[in-house]
Amino acid sequence: MAELKVKTRQTGATATVGRTGFPHVTSVTGGEIDIVTSPSQPGFNPLDLLYSSLSACLVLSARMAASSLGVLDKLTEVTAVVTGEKATEGLSRVEKFNIAFTIKGDFGDEIRNAIAHAAEDEICTVSNTIRGNPQFSTTISG
């Protein structure tokens with residue numbers, strides 16, 4: 001696959017919550033989102049954000065893969081539906097991610113599969129991070 005040229009941008013987020021209320025998250029680039037905690041509340045909870053990050057990264061990566069494969073002009077739409085299954089034992093975590101790609105365009109299944117696999121296994125920073133074992137560096141202050 002061709003080498004991808006990636007422009008970098010600042011990344012990071014800060015979440016704040018008081019004694020009561022809901023978390024408010026801001027990104028270093030000025031994005032804001034309020035987090036919900038009740039199952040009946042509309043909006044994003046922390047797991048939704050995890051699935052959202054993965055799905056958004058996958059569709060952007062699929063578009064990049066289509067470009068690298070020389071079929072971007074034939075691509076009309078990419079959708080990635082991401083859900084997960086929580087572990088029933090051990091630490092609270094997502095044990096399995098379920099990804100359903102829909103890749104529309106004027107090409108066959110061989111190209112669709114190539115786009116999906118390149119997106120998921122090579123290009124997407126989020127899927128690569130989840131598959132890896134990232135280190136955590138934590139500081140605590142008062």
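Residues numbered from 1 in each chain as written. Predicted model: local features only at pLDDT ≥ 70, side-chain atom pairs only at ≥ 80, totals over all residues. Heavy atoms only, no water.

Draft legend 1. Spatial organisation of the overall build of the chain. Each helix and strand in the chain was counted, giving three helices and five strands. Reading the helices (α) and strands (β) of the chain from amino to carboxyl end gives β-β-β-α-β-β-α-α. Principal axes of the C-alpha set define a box for the chain whose edges measure 55 × 35 × 30 Å. Classification of the 142 residues of the chain by burial places 20% in the buried group. Taking contacts inside the chain between residues at least 6 apart in sequence as the whole, the part at least 24 apart equals 42%. Accessible surface, the chain: about 10400 Å² in total, of which carbon and sulfur atoms supply 52%. (Helix = DSSP H or I, 4+ residues; strand = E, 2+ residues; numbered from the N terminus. Buried < 20%, exposed > 50% of the residue type's maximum accessible area, 1.4 Å probe, protein only. Contact = heavy atoms within 4.5 Å. Areas by Shrake-Rupley, 256 points an atom, 1.4 Å probe, with all protein chains shown as cover.)

Draft legend 2. Quick peek at the environment of Ala13. Locating Ala13 in the fold gives a position in strand β1 (residues 13-16). Ala13 sits 115 residues away from Asn128 along the chain, and the two C-alpha atoms are 19 Å apart. Leaving out residues up to four positions away in the same chain, Ala13 has contacts with Val25, Thr26 and Ser27.

Draft legend 3. Just the packing of helix α1 (residues 46-68) against helix α2 (residues 109-123), in detail. Remark: α1 packs on α2, axes separated minimally by 8 Å, with the N-to-C direction vectors making an angle of 115°. Where α1 crosses over α2, the handedness of that crossing is right-handed. For the pair α1 and α2, the contacting residues are Leu58, Ser61, Ala62, Met64, Ala65 and Ala66 in the first and Ile115, Ala118, Ala119, Glu120 and Ile123 in the second. Taken together, the residues that form the contact of α1 with α2 break down as nine nonpolar, one polar and one charged. (Axes fitted to C-alpha atoms, helices over the stretch in contact; angles between N-to-C directions. Left-handed = near helix turned anticlockwise from the far one by under 90°. Nonpolar A, V, L, I, M, F, W, Y, C, P; charged D, E, K, R; others polar.)

Draft legend 4. A look at the nonpolar core. Counting 13 residues, the largest nonpolar core has Leu75, Ile103, Phe107 and Ile115 as its most contacted members. For this core, the element with the most residues is α2, which contributes five residues. Within the second largest apolar cluster, eight residues are counted, among which are Leu54, Leu58, Val94 and Cys124. (Core = buried A, V, L, I, M, F, W, Y, C linked by side-chain atoms within 4.5 Å.)

Draft legend 5. The state of the cysteines, seen in detail. Under the counting rule described, the total for this entry stands at one disulfide. Covalently, Cys57 is tied to Cys124 through a disulfide, its sulfur atoms 2.4 Å apart. Taking the sign of the torsion about the S-S bond as the criterion, the disulfide between Cys57 and Cys124, at about 140°, is right-handed. Of this pair, Cys57 sits in helix α1 while Cys124 sits in the loop between α2 and α3 (125-131); the two residues are 67 residues apart in sequence, bridging distant segments of the chain. Judged by relative accessible area, which is 0%, Cys124 ranks as buried. (Disulfide = S-S within 2.5 Å.)

Draft legend 6. Summary view of α1. In this model, α1 (23 residues) spans 33 Å end to end at C-alpha, consistent with the 33 Å of a helix rising 1.5 Å per residue. Every buried residue belonging to α1 is among Tyr51, Leu54, Ser55, Cys57, Leu58, Ser61, Ala62, Ala65 and Ala66, and all of these are buried. Buried residues belonging to α1 abut β4 (75-86), β5 (94-105), α2 and α3. Capping of α1 at its N-terminal end is provided by Asn45; its side-chain oxygen lies 2.9 Å from the backbone amide nitrogen of Leu47. Looking one or two places after α1, you find Gly70, whose phi comes out positive at around 80°. (Expected span 1.5 Å × (residues − 1). Polar contact = N/O pair within 3.5 Å; in protein donor to acceptor, adjacent residues only side chain to side chain.)

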